[in-house]
Amino acid sequence: QVQLVESGGGLVQPGGSLRLSCAASGFTFSRYAMNWYRQAPGQERELVATITSDGGTTNYADSMKGRFTISRDNAKNTVYLQMSSLKPEDTAVYYCSVRWGGTNYWGQGTQVTVSS
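Residues numbered from 1 in each chain as written. Predicted model: local features only at pLDDT ≥ 70, side-chain atom pairs only at ≥ 80, totals over all residues. Heavy atoms only, no water.

Caption draft 1: Summary view of the pattern of salt bridges. Counting across every chain of the model gives four salt bridges. Of the charged contacts in the structure, one is a salt bridge between R38 and D90, with a shortest N-O distance of 2.9 Å. Of this pair, R38 sits in strand β4 (residues 34-39) while D90 is found in the loop between β8 (78-83) and β9 (92-100), placing the two residues 52 residues apart along the sequence. A salt bridge links D90 to R67; the nearest nitrogen and oxygen atoms lie 2.7 Å apart. Of the two residues, D90 sits in the loop between β8 and β9 while R67 sits in the loop between β6 (58-60) and β7 (68-73), which places them 23 residues apart along the sequence. The two residues D90 and R67 agree in class, both being buried. (Salt bridge = Lys/Arg side-chain N within 4 Å of Asp/Glu carboxyl O. Helix = DSSP H or I, 4+ residues; strand = E, 2+ residues; numbered from the N terminus. Buried < 20%, exposed > 50% of the residue type's maximum accessible area, 1.4 Å probe, protein only.)

Below is the structure:
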């Protein structure tokens, strides 16, 4: 079955950087677009970034443009989210997601906390 496992979250100071990873299995990774979402306490889950199956096209939420970079390694079945210039408002649980077989699948999430 589809499995998505995020890693790389943690505590970082404002202005710092983190790289999140999401290891995928159970489907042909190289054929599907992948997404990163995040959910802050008391808020709805929001789309952070998307990447096409070949990695050729990426899109970002406006507040992440220029600070976050989504990428993928189809040989490793892994999608990444490089985050820089982090702000306290970036604090959230970050999830990767894929739409496969008409269903949206999610990982368990990884916590990112931006605080001094």
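Caption draft 2: Summary view of the nonpolar core. The biggest cluster of nonpolar side chains holds 28 residues, and the ones touching the most others in it are L4, W36, V79, L81, M83 and Y94. Listed by contribution, the elements that provide at least two residues to this core are β3 (18-25), β4, β5 (46-51), β7, β8, β9 and β11 (110-114). Once residues within four sequence positions are removed from consideration, L4 is found in contact with C22, A23, A24, F27, M34, C96, S97, V98, Y105, W106, G107 and Q108. (Core = buried A, V, L, I, M, F, W, Y, C linked by side-chain atoms within 4.5 Å. Contact = heavy atoms within 4.5 Å.)

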